[in-house]
Structure formats: structure tokens, C-alpha cells
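One-letter residues, chain by chain:
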There are 2 protein chains.
Amino acid sequence: MTENPFAKGAAYVNGAFMPLEQARIPVTDWGYRRSDVTYDVVGVWEGNFFRLNDHLRRFRASMTKLHMVPRESDAVLARVLNELLRLSGLRSAYVAMDCLRGSPAPGMPRHPAYAQPYLVCYAVPWVWVAPPDMQERGLHLMIPQVRRIAPEAVDPRVKNFHWGDLTEGQFEAQAAGADFAILLDGDGNVTEGAGFNIFCITDGRVATPARGALEGITRQSVIELCAELGLPCEIRDIPVEEFRAADEIFACTTAGGIMPASRIDGRMMNNDRPGPISARLRETFWARRAQGWHATPVDYQTPYDEAAT
Amino acid sequence: MTENPFAKGAAYVNGAFMPLEQARIPVTDWGYRRSDVTYDVVGVWEGNFFRLNDHLRRFRASMTKLHMVPRESDAVLARVLNELLRLSGLRSAYVAMDCLRGSPAPGMPRHPAYAQPYLVCYAVPWVWVAPPDMQERGLHLMIPQVRRIAPEAVDPRVKNFHWGDLTEGQFEAQAAGADFAILLDGDGNVTEGAGFNIFCITDGRVATPARGALEGITRQSVIELCAELGLPCEIRDIPVEEFRAADEIFACTTAGGIMPASRIDGRMMNNDRPGPISARLRETFWARRAQGWHATPVDYQTPYDEAAT
């Protein structure tokens, strides 16, 4: 019996499907060399995409903002993503879609308008941003010295790989004995961490930053759950002083759902455990997921046929 | 007669030499996926590296700042770069050295400290940032709406691929009919353009921004030439109003030397021609280069031998 060559991950590179380890980018591609790329990630949990159309809509908006038009329509892209699941057979996966600039052909002006953007997509077995044991004890967060890249320079709503600030924050977190850094903007308001949005709760009121962060789809799900549960939820600036003094804090992301924190800058919250409202939101989130909330079933049977889309 | 497979470019990827088109990066590598990478570029002109040791020193400082230690020493790296020229036979080339984060092995914490950084280097035929005819008529510059990423977020002295702001600037430049955008910082001071430093000249005094820009090696060469020529040269903040009203402006970069501008935001300088001091600096720069200034000859004879370094 031959092992499925796609079992460790399946990829699509500008029209061709291949095992993940064959998916590579030219060193001269501006998607790498100028980080001239946008991306999105949709989760598949137990055979269902979560909020697939919301991810496709955001990805298309990001590409448009960057003047990128790949050859695939949203309908074709959805079939491509499905094929990555079918080839790999993965039931729970992290499914990435990148649009890279490419680079101008020789002899053309060296301006991004003369490049032909293209898609690279892949599915890999589900990876937690924070391992389950860390989620159980609660994340240990800290505020680093490094500041988040300002929206006036790079729009954080266009999902991007400009992670130099977030990476530096992760080194500062490690030095402080914490798990994750939460970066401030230039005005002293909290923004986001390395790949996740944040919320804080004070006196029963939930809040998440209005600016300087990705408009996360899991964040949107939290806002919807707060409405369902009758929890007041505000989208506004959150000064670092308020954040440091909050009753509860949690992070949220596609590859982690809702992840409560138990410490901020060394201060313990809730006797060093996830807080009750955060825990309730997390339980509700996974219960709703199990009920098929915002789910699109993966079609593991029908092979990809671009002509049929 | 077989064509040299390295003629269009030679590359080195973590220990192996190959033709440039084979040099590719895994789509999952954090060097791409988080733009967790630093780089440098040294020019070779007519068989000589320009300021090779200055580039090696800056590249090492950048890697150290990012907590990256590849397996190659500076001495080995210098031999690697030489080998790229020997293999390709290029007499004038753009020679890039990148250090990528890699990514943590499966099962390790998903933190950059657990990855093994590695080098990717390549040499390609010389490419001008601005084509020679554009340099002769003078660059047309403009100030875009997008702001440069702040040093508090990403240190511009650590050469990086966080070009989202510069790329957006190039689209704004194109829409305005200009060649290049010069980005401002949050305080209204000019910083740099897409891959080059800038200088302006008012009443015979030369100035270049003190903050928010790469500490360019060609910029350093200009500062040295100003001293030789008896031109006062200041490193300080340059407000956009001063820049827009300057007598002369020029850009400088490894892949272009000194490139005078003739227009800024549609205003013509020097009757729409490169200014006299800029032109003198440019001529002096290339004359000094021809004399062997800061030159390290490429050794086109001796094959690479890592054990011998």
C-alpha cells in the first residue's frame, strides 16, 4: 500500500497541484523579495470549512486593494481549496491562500503594475497557534517595547506578511518569560499579537481595538456570540492602562478559536486561570461549531475540474 | 558548445550552488511567510566588488539584530559571493545575500528562536534601479499619501523586505505620472524611496535624512565624496516643505549609484534637468569607481573550497 503523497499537505501553485514540499517560490519573486503579497487562511474542522465565503470575500478585497488580479475567480478558488482537502484527505486543516505579485518580465519597467499576480494555496494538518495545554492554563501575555506598524504605512486590514514588529515582539516575550506579545500603536493603544486579535473584559463589558489590527473573521464571530449571549461588546480604542488592569483578556484566531489569557505583564488574572466570561465564549464557540455554525462541508468525492466551475 | 547554465544568474542556497532559476523558497518558510529575513546587496562593476567589507559588516549586524546566526562566517560568505561571480562569469552584477529564518521543526514551539536561519545568495546581471535614459533626463519624484513604516515598528537600518508602503507609493507615483515616490514619516520629514536613499541641496548645502531610512553604503560614499569636494553635508531631519523647495535632489543606491532628479511633485528643478552639484557628484562617483575606489577584485579563477576558507 502506497502512502498518499499529499497526506502531509497539498498545494496549488498558479494552476498546478502538488505535494506541499514541492511548493516553492522563486527567490527573485517580489512576493518574497518585497513581501508584495496578501493572504488569507480558512480553517477546516471535522470536514467543514468555517466561514469560507467571508474568507474569500476578505481575500478578494485585499487583492483589490493591492491592485492584484489573479486568473482565478472566487468560484474557481473555492474549488481549488476543496481539492486541496480532497487530495490530502485532511479532516481538520489550516488552508492558506496567498496572492503573490510575481515580478515584471525582463525588459519591462520594474514597477509592480507590470507583474502578473498569481495564487499559491495549501492545506496542512491543523496546527494550534497556542497548544491545548497552554490554552487550558491561559496564555501569558506581555507588552513589548516594539510598536505595531501604523495603518498609515501598511493597512493591517489587508492581511500581510509584514511581521518584523510581531517577530521582534515574540523575542521580547520570550526574554520576559511570556508566551505572546501584544503590540501597542504610537498612541499607546493595544492593537494585536502575532496572528491573532485580542479582547479585554472589564466589569462585564467586552471590548476589542477599533484600529491598527486585522478585521479578523474569528473576531467577527466573537462579536456575534457576544450579541447572542447578551454581552455588551464595544469596538473602540483600548489604552494600555485599561488593558493591563482588565478583569479578563482573550485572543482569537482562525488557528486557535478563542484563547483565554491568565497573565498580563506578570499580573495574574482570575487566580491565574482563564476568566469565566472568556471560558463561556470559548465553550459556546466550539459548541456552535459542532452544530454546523457558518459551516461549508468539504466535498471529498468530486475531483477538481476547472472547466466545470 | 554548451551555454554556461549559470550565465543568467548563479545562486547559493544553504550550502549548494545552482543556476538562479532553481533557487526557490518553501512556501511555509517564515522568511517568506512572516518576511522574517534580512538581506544586503553588493554591486560588482567591471570585475570589482564595491565596498564588499562594508556590506558584509552591515549584513552581519542586521542578522545579529534579528537573532540570526547562519552557519557561514563572513570569510566563507565572501568566498560564496565570489563563487557566484566565477560560476556566472558576470563582470557587472547585482549580488544579493539573504538570511531567512527558516521555520521550527515539527514538534518544536512555533517561536522564531527554534528555527535555524540559513543563507540564500545570488548574482544576476547588473540591473539599474532607474534606466540610463531616465538618469540622463532626471528622475521625476513625488510625495505619496502613504507613510513610511516607523523605526519604532521595524528598524530601517536592518535591511528588510517590508515594502508594502514603498509598493503602495509606487502605485501612487504611477497614478501621478511620476517615476518614484519619496515617503514621509509621521512627523512630515522625508525618509527614502523604494530601494534608495535621498539627498537634497539648498544654497550649496547637501543634506540627507537622519532617521527613518536605511544607512545606505552608497549614501556613505556620497558623504565621503562631499567631504573630498569641500561640499557641506548634513545628516538631519528634512521637512517636506524644504525638500519640495530644494535647488537639487538626487537618489542613491547600490544598483544605480547617484541618480539626479529633475522634478518633485511636478515642479521642475534646474530647467527640468539634473542639477550641477548632483551631476558633479555623479561624475566624481563613477570616476572614483573606475580608479578602484573601495574595490575588491573578483577572483574568477579559483573555485570555491569551503575547507580552505
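Residues numbered from 1 in each chain as written. Chains lettered and ligands numbered in written order. Predicted model: local features only at pLDDT ≥ 70, side-chain atom pairs only at ≥ 80, totals over all residues. Heavy atoms only, no water.

### As for the overall build of chain A
Phase 1: On a plain count of helices and strands, chain A comes out with 8 helices and 16 strands.
Phase 2: Once local pairs closer than 6 in sequence are excluded, the contacts in chain A between residues at least 24 apart make up 71%.
Phase 3: Taken as a whole, chain A presents about 12,300 Å² of accessible surface, with 51% of it coming from carbon and sulfur.
Phase 4: Computed over 32 positive and 38 negative side-chain charges, the separation of the two mean positions in chain A equals 2 Å. (Helix = DSSP H or I, 4+ residues; strand = E, 2+ residues; numbered from the N terminus. Contact = heavy atoms within 4.5 Å. Areas by Shrake-Rupley, 256 points an atom, 1.4 Å probe, with all protein chains shown as cover. Lys, Arg positive; Asp, Glu negative; His and termini not counted. Charge placed at Lys NZ, Arg CZ, Asp CG, Glu CD.)

### Concerning the relation of the copies chain A and chain B
Phase 1: Superposition record for chain A on chain B: RMSD 0.0 Å, screw rotation 180°, translation along axis 0.0 Å. Such a turn and shift between the copies fits a two-fold axis.
Phase 2: Both copies contact each other with a shared surface, as 100% of the interface residues of chain A are interface residues in chain B too. (Least-squares fit on C-alpha atoms with pLDDT ≥ 70 in both.)

### Here's the deal with the side chain of B:Asp272
Residue and element names in this part refer to chain B.
Phase 1: Take Asp272: it is sitting in the loop between β15 (267-268) and α8 (276-290).
Phase 2: At a separation of 2.7 Å, a polar atom in the side chain of Asp272 contacts the side chain of Arg263.
Phase 3: Apart from residues no more than four positions distant in its own chain, Asp272 is found in contact with Arg137, His140, Ser262 and Arg263. (Polar contact = N/O pair within 3.5 Å; in protein donor to acceptor, adjacent residues only side chain to side chain.)

### Overview of the interface of chain A and chain B
Phase 1: The partner chain B presents 47 residues to the 47 residues of chain A that form the contact.
Phase 2: When the two sides are added together, the surface that chain A and chain B hide from each other amounts to roughly 4,000 Å², 62% of it contributed by carbon and sulfur.
Phase 3: If you sort the residues of chain A by the area they bury against chain B, A:Tyr32, A:Arg33 and A:Phe171 come out on top, with a joint share of 18%.
Phase 4: Connecting chain A to chain B are 2 salt bridges.
Phase 5: Connecting chain A to chain B are 19 residue pairs in polar contact (both at pLDDT 80 or more).
Phase 6: Top contributing element to the side of chain A that touches chain B by residue count: helix α5 (residues 164-175) of chain A, with 7 residues. (Buried area = accessible area lost by both parts, 1.4 Å probe. Salt bridge = Lys/Arg side-chain N within 4 Å of Asp/Glu carboxyl O.)

### Considering the pairing of strand β2 (residues 16-19) of chain B
All names here are of chain B.
Phase 1: The sheet contact formed by strand β1 (residues 10-13) and β2 spans 4 bridges and is antiparallel. Among the inter-strand pairings, Tyr12 is bridged to a residue of β2, identified as Phe17.
Phase 2: Between β1 and β2, which pair antiparallel and follow one another directly, the connecting turn spans 2 residues, one of which, Asn14, has a positive phi of 50°. (Pairing = 2+ DSSP bridges.)

### Comments concerning the pattern of salt bridges
Phase 1: A full pass over the atoms with the stated rule returns 44 salt bridges over all chains.
Phase 2: A single salt-bridge network, built from bridges that share partners, covers A:Arg51, A:Asp54, A:Arg57 and A:Glu224.

### As for the packing of aromatic side chains
Phase 1: Enumeration over the complete set of coordinates arrives at 30 aromatic pairs over all chains.
Phase 2: Between A:Phe50 and A:Trp293 the ring centres are 5.8 Å apart and the planes differ by 50°, which places this aromatic pair in the tilted class. Here A:Phe50 is found in strand β5 (residues 48-50), whereas its partner A:Trp293 is found in the loop between α8 (276-290) and β16 (295-297), with 243 residues between them in sequence. A:Trp293 matches A:Phe50 in its accessibility class, with the two residues each being buried.
Phase 3: Ring-pair connections join several aromatic residues into one group, and the members of that group are A:Trp45, A:Phe50, A:Trp126, A:Trp128, A:Phe285, A:Trp286 and A:Trp293.
Phase 4: Its end group placed over the ring of B:Phe50, B:Arg289 keeps NZ or CZ at 3.9 Å from the ring centre. (Phe/Tyr/Trp six-rings, centres within 6.5 Å; stacked < 30°, edge-to-face > 60°. Buried < 20%, exposed > 50% of the residue type's maximum accessible area, 1.4 Å probe, protein only. Lys NZ or Arg CZ within 6 Å of the ring centre and 35° of its normal.)

### Quick word on the sheet that holds strand β1 (residues 10-13) of chain A
All names here are of chain A.
Phase 1: The sheet built from 7 strands is open, its strands ordered β2-β1-β7-β6-β4-β5-β16 with antiparallel pairing. A single partner strand is all that each edge strand has here, and the edge strands are β2 (16-19) and β16. Direction aside, neighbouring strands of the sheet carry axes that sit 25° apart on average.
Phase 2: With 2 bridges joining them, strand β4 (residues 37-45) and β5 adopt antiparallel strand pairing. (Axes fitted to C-alpha atoms, helices over the stretch in contact; angles between N-to-C directions.)

### Description of the nonpolar core
Phase 1: Within the largest apolar cluster, 54 residues are counted, with the highest numbers of intra-cluster contacts made by A:Val27, A:Tyr32, B:Val27 and B:Tyr32.
Phase 2: Look past the residues within four positions of A:Val27 in its chain and what remains in contact with it is A:Tyr32, A:Arg33, B:Leu20, B:Ala23, B:Arg24, B:Ile25, B:Asp98, B:Val120 and B:Tyr122. (Core = buried A, V, L, I, M, F, W, Y, C linked by side-chain atoms within 4.5 Å.)

### A look at the pairing of strand β13 (residues 248-253) of chain A
Residue and element names in this part refer to chain A.
Phase 1: Of all 6 residues making up β13, 6 are buried, and the element is well covered by its neighbours.
Phase 2: Residues Glu248, Phe250 and Cys252 of β13 are buried on one face, and the alternating residues Ile249, Ala251 and Thr253, pointing to the opposite face, are buried as well.
Phase 3: Note that strand β10 (residues 197-202) and β13 share 5 bridges and pair antiparallel. Its bridge partner being in β13, Ile198 is matched across the sheet by Ala251.
Phase 4: Between β13 and strand β14 (residues 257-264), which pair antiparallel in sequence order, lie 3 residues.

### So, the sheet that holds strand β5 (residues 48-50) of chain B
All names here are of chain B.
Phase 1: Judged by pairing direction, the sheet is antiparallel, and its 7 strands sit side by side in the order β2-β1-β7-β6-β4-β5-β16 without closing on themselves. Edge positions in the sheet fall to β2 and β16 (295-297), since each of these pairs with one other strand and no more. Geometrically, the sheet is characterised by an average inter-axis angle of 25° between neighbouring strands, direction not taken into account.
Phase 2: Against the sheet, helix α3 (residues 74-88) engages β1, β2, β4 (37-45), β5, β6 (93-100) and β7 (118-125), with an angle of about 35° to β7.

### Focus on the confidence of the model for chain A
Phase 1: Summary statistics for chain A give a mean pLDDT of 96 and a share of 99% for residues scoring 70 or more.
Phase 2: In the predicted assembly, ipTM is 0.97 and pTM is 0.97. (pLDDT = per-residue confidence, 0-100.)

### Quick look at the packing of helix α2 (residues 52-65) of chain A against helix α3 (residues 74-88) of chain A
Residues and elements named next belong to chain A.
Phase 1: Across the interface, α2 lies against α3 with an axial gap of 11 Å and an inter-helix angle of 125°. In terms of orientation, α2 lies oblique with respect to α3. Judged by the sense of rotation from one axis to the other, the crossing of α2 with α3 is right-handed. From α2, Leu52, Leu56, Phe59 and Arg60 reach across to α3, where they touch Asp74, Leu77, Ala78 and Leu81.
Phase 2: Here the residues of the contact of α2 with α3 are counted per class, giving 6 nonpolar, no polar and 2 charged. (Parallel < 35°, antiparallel > 145°, perpendicular 65-115°, else oblique. Left-handed = near helix turned anticlockwise from the far one by under 90°. Nonpolar A, V, L, I, M, F, W, Y, C, P; charged D, E, K, R; others polar.)

### A few points about the packing of helix α6 (residues 217-229) of chain B against α8(B)
Residues and elements named next belong to chain B.
Phase 1: Running from N to C, α6 and α8 cross one another at 105°; their axes reach a closest spacing of 10 Å. Viewed along their axes, α6 and α8 adopt a mutual orientation that is roughly perpendicular. The residues of α8 that touch α6, namely those facing Thr218, Ser221, Leu225, Cys226, Glu228 and Leu229, are Arg280, Leu281, Thr284, Phe285 and Arg288.
Phase 2: Along the lines of polarity and charge, the residues of the contact of α6 with α8 split into 5 nonpolar, 3 polar and 3 charged.

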